Every structure is written in C-alpha cells, then in structure tokens.
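# Remarks on the overall topology
In case you want the letters, here they are:
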Amino acid sequence: MARDEARHAGFLNRALVAEGIELDLPKLSTKRPITWFPLSWVLYSVFLSEKIGYWRYILIDRHLKANPDNAFAPLFDFFEPWCQDENRHGDIFNLLIRCWPGLKQGLRGKLLSRFFLWSVFLTHSLTVCERGDFYRLLGMDPHRFDAEVMRQTNRTARRAFPWVFDLDQGQYLELRDRLVSCFQQMQARKAEPGALLAKLGLKLRFAGLLLRQFCQPMVPAEGA
Ligand SMILES: [Fe+2]
C-alpha cells in the first residue's frame, strides 16, 4: 500500500514539475505538529477516502474513455490502474474494521458511520463545486458527478459500515444543493466590505443546513 501511494505521489509530483510547480515535501511535513487520532477514526476515514477516491477516478476514467477528446492531460492515462489501487486499499481497511467488531456496534457504530459519511460527502460536494470549471473542461456536469460519487461510495460503504445514508429517500441531495449554493454566496460575499448582518445570516443558514443534513435518515447496512 505504501508503495502504491508513493507511486501516486510520484505521478503527481511529476505532473506538478511539468507545470513548473515544485513542492518541498520534507519541509512541508515539519511545519505542522503530528496529531494522533483514535483508531476508529483512522479506520473509518481512511476506508472512506480510499473508496471515494476509487469512485472519483473510475467515473472520470469511464467518462474519458467514452469521450477521449476531453482527456487533455497524459495523467488521465494512469487513472484506471490508480483507482484499482485505491479500491484495494479500501478493502484492506474494510478487513481492519472487521478485526475490531466493537467499532461497528451500537450507538458508536452508528455515530462513526454518520459522522464520517457526512463529513467526507460534504467535503466532496464543496470541493467539486469550487472546482466546477475543471469538471466542465472534462465535459462533465460537476453536480451530477458529485451525486454519482456519493451514491456509489454510500453503496460501497454498506460492506464495511453498520449504517449508511438513505440517499434516494430523504432530502440529503436536495440539502446538498442548498448547502453548495449557500457556500457559493458566502464565498462571493467574503471580499465585500461591511454587510456584516448579511454575512452572519448566511453563516447561520449554512450551519442550519449542515445540521439538517447531518440528521438525515440512515438505513442499516445489512438491509442491503
Ligand atoms: Fe490509497
């Protein structure tokens, strides 16, 4: 797994160098102190980040294979083997979660599933909407791409987590649209001087939407 990740980082580094961007990685890692997280957080979050990575890359790869004219960088040629690596890494973390059955039980299992699915999906939606132009350049609709990545990752998470979100029944995706538009309004207002009350209003609305999305219904994974 470490060898795979080193290879991925090597690809990205070469792509950055080709664009004239050089990162001093050893220096970067000394700038911030190391933070230790509980084992359950590491297992749940790494499983999800590997699986969401798999779905992101495989959906882009499938789209580019169907529309080869949109593959504007040689880096895309590596997406297929790259995402298969991520898929395997996710499977390793699924096995690790099974080694500690307590991590999936009771309220703890439900809270861990809810928090990590919600936070990883939220980060994905906001990043995809911020970089919408990149997906449009590939000929993809960023909102549909984001929703498909979430649906597939949520479906895959049924194999590892005790609970997953009910994306097709509840208001999860509708709230995602409202969160994204509120976030865009907050970004647009950021540079504006004054308008403190309007900015505060947007922040409160954003917080309210976050809470509603966090509390959306979940379904037990064994019902899959
Ligand atoms: Fe990975």
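Residues numbered from 1 in each chain as written. Predicted model: local features only at pLDDT ≥ 70, side-chain atom pairs only at ≥ 80, totals over all residues.

## Some remarks on the overall build of the chain
- Looking only at helices and strands, the chain features nine helices and two strands.
- When the elements of the chain are put in sequence order from the N terminus, they spell out α-α-α-α-α-α-α-β-α-α-β.
- Seen through its principal axes, the chain has C-alpha atoms that stretch 55 × 45 × 45 Å.
- Sequence-distant contacts in the chain: of pairs separated by 6 or more residues, those separated by 24 or more amount to 75%. (Helix = DSSP H or I, 4+ residues; strand = E, 2+ residues; numbered from the N terminus. Contact = placed C-beta atoms within 7 Å.)

## Describing the environment of Tyr57
- As for its placement among the helices and strands, Tyr57 is situated in helix H3 (residues 39-66).
- Take Tyr57: there are 21 C-beta atoms within 10 Å of it, and that puts it in the buried class.
- Considering only alpha carbons, one finds Tyr57 and Trp82, 25 residues apart in sequence, at a separation of 7.8 Å. (Buried ≥ 20, exposed ≤ 12 C-beta atoms within 10 Å, placed from the backbone.)

## A few points about the environment of Pro142
- Along the chain, the position of Pro142 falls in helix H7 (residues 142-157).
- By C-beta crowding, Pro142 is classed as buried, having 20 other C-beta atoms within 10 Å.
- Measuring from C-alpha to C-alpha, the distance between Pro142 and Ser125 comes to 9.0 Å, with 17 residues separating the pair along the chain.
- Setting aside its immediate chain neighbours within four residues, Pro142 contacts Val128, Cys129, Gly132, Tyr135 and Arg136.

## Some remarks on helix H9 (residues 196-214)
- Relative to the 27 Å expected for 19 residues at 1.5 Å per residue, H9 spans 27 Å between its end C-alpha atoms, a close match to the ideal helical length.
- The buried count for H9 comes to one of 19 residues, which makes it a mostly uncovered element. (Expected span 1.5 Å × (residues − 1).)

## Side note on the nonpolar core
- Ranked by size, the top nonpolar core spans 36 residues in total, and within it Phe47, Leu48, Leu117 and Val164 carry the most contacts.
- Among the secondary structure elements, those contributing two or more residues to this core are H3, helix H4 (79-99), helix H5 (106-130), H7, strand S1 (163-165) and helix H8 (172-190).
- Counting residues per element, this core draws most heavily on H3, at ten residues. (Core = buried A, V, L, I, M, F, W, Y, C linked by C-beta atoms within 7 Å.)

## Things to note about the confidence of the model for the chain
- Mean pLDDT over the chain stands at 91; residues scoring 70 or higher make up 99%.
- Within the chain, the lowest mean pLDDT, 74, falls on helix H2 (residues 25-31), and the highest, 97, falls on H7. (pLDDT = per-residue confidence, 0-100.)

## Some points on the environment of Ser40
- Within the fold, Ser40 resides in helix H3.
- With 62 residues separating them in the primary sequence, Ser40 and Gly102 have C-alpha atoms 9.7 Å apart.
- Not counting residues within four places of it along the chain, the set of residues in contact with Ser40 comprises Leu103 and Leu112.

## As for the packing of H5 against H8
- Where H5 meets H8, the closest approach of the two axes is 10 Å, and the angle between their N-to-C directions is 50°. Between H5 and H8, the crossing angle belongs to the class labelled oblique. In this structure, H5 meets H8 at a crossing whose hand is right-handed. When H5 is examined against H8, the residues Ser125, Leu126 and Cys129 are found in contact with a partner set consisting of Arg176, Leu179, Val180, Phe183 and Gln184. (Axes fitted to C-alpha atoms, helices over the stretch in contact; angles between N-to-C directions. Parallel < 35°, antiparallel > 145°, perpendicular 65-115°, else oblique. Left-handed = near helix turned anticlockwise from the far one by under 90°.)

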